[in-house]
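Working through the structure, step by step
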Amino acid sequence: MATLHIEHPITDFATWKAAFDQFAGKRADAGVTEHRIHQPVDDPAYVVVQLDFPTVKQAQAFREFLETRVWATAANSPGLAGNPQARVLVTAA
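Residues numbered from 1 in each chain as written. Predicted model: local features only at pLDDT ≥ 70, side-chain atom pairs only at ≥ 80, totals over all residues. Heavy atoms only, no water.

As recorded in an unreviewed UniProt entry, the protein goes by the name ABM domain-containing protein, listed as coming from Candidatus Sulfuritelmatomonas gaucii.

Right, here's the structure in full:
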């Protein structure tokens, strides 16, 4: 299993979440098995998202999709207020 860990500032959660929800089909097609959305208790203008994939290759491919097709276009990423940081993680021993 691999996790795509993403974090970035947002303008407001409702706008960001509506955009996130619009990509549910793309996430499913890419192999996402679970997702989690977190916010810091002291910063409502920030989100941390974790997307689980069966393989590292799938997680890397979806990160590339986000970087080139979603985050690169303001119309595809309303609510995004800064540059996302995205890393593919695997469980360490």
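1. Considerations on the packing of aromatic side chains
Scanning the model with the defined rule gives five aromatic pairs in all. Residues Phe53 and Phe62 carry aromatic rings whose centres are separated by 5.9 Å and whose planes lie at 45° to one another, so their mutual orientation is tilted. Counting every residue linked through ring pairs, the aromatic cluster contains Phe23, Phe53, Phe62 and Phe65. Of note, Arg27 hangs over the ring of Phe20, and the distance from its end group to the ring centre comes to 3.7 Å. (Phe/Tyr/Trp six-rings, centres within 6.5 Å; stacked < 30°, edge-to-face > 60°. Lys NZ or Arg CZ within 6 Å of the ring centre and 35° of its normal.)

2. Comments concerning the nonpolar core
Core analysis: the largest hydrophobic core is formed by 20 residues, its most contacted members being Leu4, Ile6, Val49, Leu51, Phe53, Phe62 and Leu66. When contributions to this core are tallied by element, the ones reaching two or more residues are β1 (2–9), α1 (13–22), β3 (46–53) and α3 (56–70). Ranked by residues supplied to this core, first place goes to α3 with five residues. Filtering out sequence-adjacent residues up to four positions away, Leu66 remains in contact with Leu4, Ile6, Trp71 and Ala72. (Core = buried A, V, L, I, M, F, W, Y, C linked by side-chain atoms within 4.5 Å. Buried < 20%, exposed > 50% of the residue type's maximum accessible area, 1.4 Å probe, protein only. Helix = DSSP H or I, 4+ residues; strand = E, 2+ residues; numbered from the N terminus. Contact = heavy atoms within 4.5 Å.)

3. Overview of the environment of Ala75
Tracing the backbone shows Ala75 in the loop between α3 and β4 (85–89). Ala75 sits 50 residues away from Gly25 along the chain, and the two C-alpha atoms are 18 Å apart.

4. Considering α1
Those residues of α1 that fall on the buried side of the exposure criterion are Trp16, Ala19 and Phe20. Down the axis of α1, the buried side of the element spans an arc of 105°, and every buried residue falls inside it. Away from its buried face, by an angle of more than 90 degrees, α1 presents the exposed residues Ala14 and Gln22. Those residues of α1 that are buried are in contact with β1, α2 (24–30), β2 (34–38) and β3. Where α1 begins, the capping side chain belongs to Asp12, and its oxygen is found 3.3 Å from the backbone nitrogen of Ala14. (Arc of directions from axis to C-beta. Polar contact = N/O pair within 3.5 Å; in protein donor to acceptor, adjacent residues only side chain to side chain.)

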